[in-house]
Amino acid sequence: MHRRTFLAYAGGACLCSTTSALWAHQLRFSLTEIVWRPHHRSLEVTHALHLDDALTLLATLGDPQGDLDLATQARVLLYTESHFEIVTQGRPLALDPVGTQIEDDYLWIYQERILPELPEALQVNCTLLHELFDDQENQVNLRVGEKVQTRRFNTMNSVAVF
């Protein structure tokens, strides 16, 4: 999925919940897209975090400067690795970091895993920003071909199976 289409989904989800852009951001929301690429035999994971939320996270990690340079983006990527996990057959899949990017009002975090085939079931554990915001909502979409499955995560529900 292209970043702009992905961003449209994230923005649309926030804006559907409210009529004001300011209020939309007050709704704590992140969007993760997991895509199976059969020709590459890869599971690609893309996370979109609002820049304000990323800066708040960095402040709690001891970086109050509000600068999202490459080093601090890497810190957010490491945070994501410890707060987002895919488990299959009882074992976590180690996701390889691909990189980060700032576009519009979002910090994009990219990960992937090369696999011989897509596992039958994926358990996703997602606690992104839950320790910062009691009202944090995280949406995870799994895309396999044209089929998309969606799960929502919050502080009361941080595990789901696809």
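As a reminder, the structure under discussion sits directly above these lines.
The structure reproduced in this document is the subject of the present report. None of these values were measured; they are calculated from a predicted model. (Residues numbered from 1 in each chain as written. Predicted model: local features only at pLDDT ≥ 70, side-chain atom pairs only at ≥ 80, totals over all residues. Heavy atoms only, no water.)

Notes on the packing of aromatic side chains
Link 1 in the chain: Across all of its chains, the model carries one aromatic pair by this definition.
Link 2 in the chain: Judged by centre distance (6.3 Å) and plane angle (50°), the ring pair of Tyr106 and Trp108 falls under tilted. Of the two residues examined, Tyr106 and Trp108, each falls in the buried class.
Link 3 in the chain: Between the NZ or CZ atom of Arg151 and the centre of the ring of Phe162, over which it lies, the distance is 4.7 Å. (Phe/Tyr/Trp six-rings, centres within 6.5 Å; stacked < 30°, edge-to-face > 60°. Buried < 20%, exposed > 50% of the residue type's maximum accessible area, 1.4 Å probe, protein only. Lys NZ or Arg CZ within 6 Å of the ring centre and 35° of its normal.)

Description of the side chain of His50
Link 1 in the chain: Residue placement: His50 occurs in strand S2 (residues 42-50).
Link 2 in the chain: In this structure His50 comes out as buried when scored by relative accessible area, which is 13%.
Link 3 in the chain: Among the polar contacts made by the side chain of His50, one reaches the main-chain amide nitrogen of Asp52 at a distance of 3.1 Å. (Helix = DSSP H or I, 4+ residues; strand = E, 2+ residues; numbered from the N terminus. Polar contact = N/O pair within 3.5 Å; in protein donor to acceptor, adjacent residues only side chain to side chain.)

Regarding the pairing of strand S6 (residues 106-114)
Link 1 in the chain: Taken together, the nine bridges between S2 and S6 define a ladder with antiparallel strand orientation. Considered in S6, the bridge of His50 is made with Tyr106.
Link 2 in the chain: Relative to S6, strand S5 (residues 96-103) runs antiparallel, the two sharing seven bridges. Within S6, the position partnered with Pro97 by the bridge is Gln111.
Link 3 in the chain: The turn joining S5 and S6, which pair antiparallel and follow one another in sequence, is formed by two residues; a positive phi near 55° is taken by Asp104. (Pairing = 2+ DSSP bridges.)

What about the sheet that holds strand S4 (residues 91-93)?
Link 1 in the chain: Pairing in this open sheet of four strands is antiparallel, and the strands run S4-S3-S7-S10 from one edge to the other. Each edge of the sheet is formed by a strand with only one pairing partner; in this case those strands are S4 and strand S10 (159-161). For this sheet, the mean angle separating the axes of adjacent strands, direction not counted, is 30°.
Link 2 in the chain: Of the strand pairs in this sheet, strand S3 (residues 84-88) and strand S7 (residues 123-126) are connected by four bridges, and their pairing is antiparallel. If you follow Ile86 over to S7, its bridge partner there is Val124.
Link 3 in the chain: Its contacts with the sheet place helix H4 (residues 70-83) against S3 and S7, and it is angled at close to 40° to S3. (Axes fitted to C-alpha atoms, helices over the stretch in contact; angles between N-to-C directions. Contact = heavy atoms within 4.5 Å.)

Regarding the sheet that holds strand S8 (residues 137-144)
Link 1 in the chain: Here we have six strands laid out as an open sheet, ordered S5-S6-S2-S1-S8-S9, and mixed in their pairing. The outermost strands of the open sheet, each flanked by one partner alone, are S5 and strand S9 (147-153). Direction aside, neighbouring strands of the sheet carry axes that sit 15° apart on average.
Link 2 in the chain: Packed on one face of the sheet, helix H3 (residues 51-60) meets strand S1 (29-37), S2, S5 and S6 and runs near 85° to S2.
Link 3 in the chain: Its contacts with the sheet put H4 on S2, S5 and S6, and the angle it makes with S6 is roughly 55°.

Some points on H3
Link 1 in the chain: Every buried residue of H3 is listed here: Leu51, Asp53, Ala54, Leu57 and Leu58. Angular distribution of buried residues about the axis of H3 spans 160°; they occupy a single face of the element.
Link 2 in the chain: Looking at the residues trailing H3, positive phi occurs at Gly62, about 95°. (Arc of directions from axis to C-beta.)

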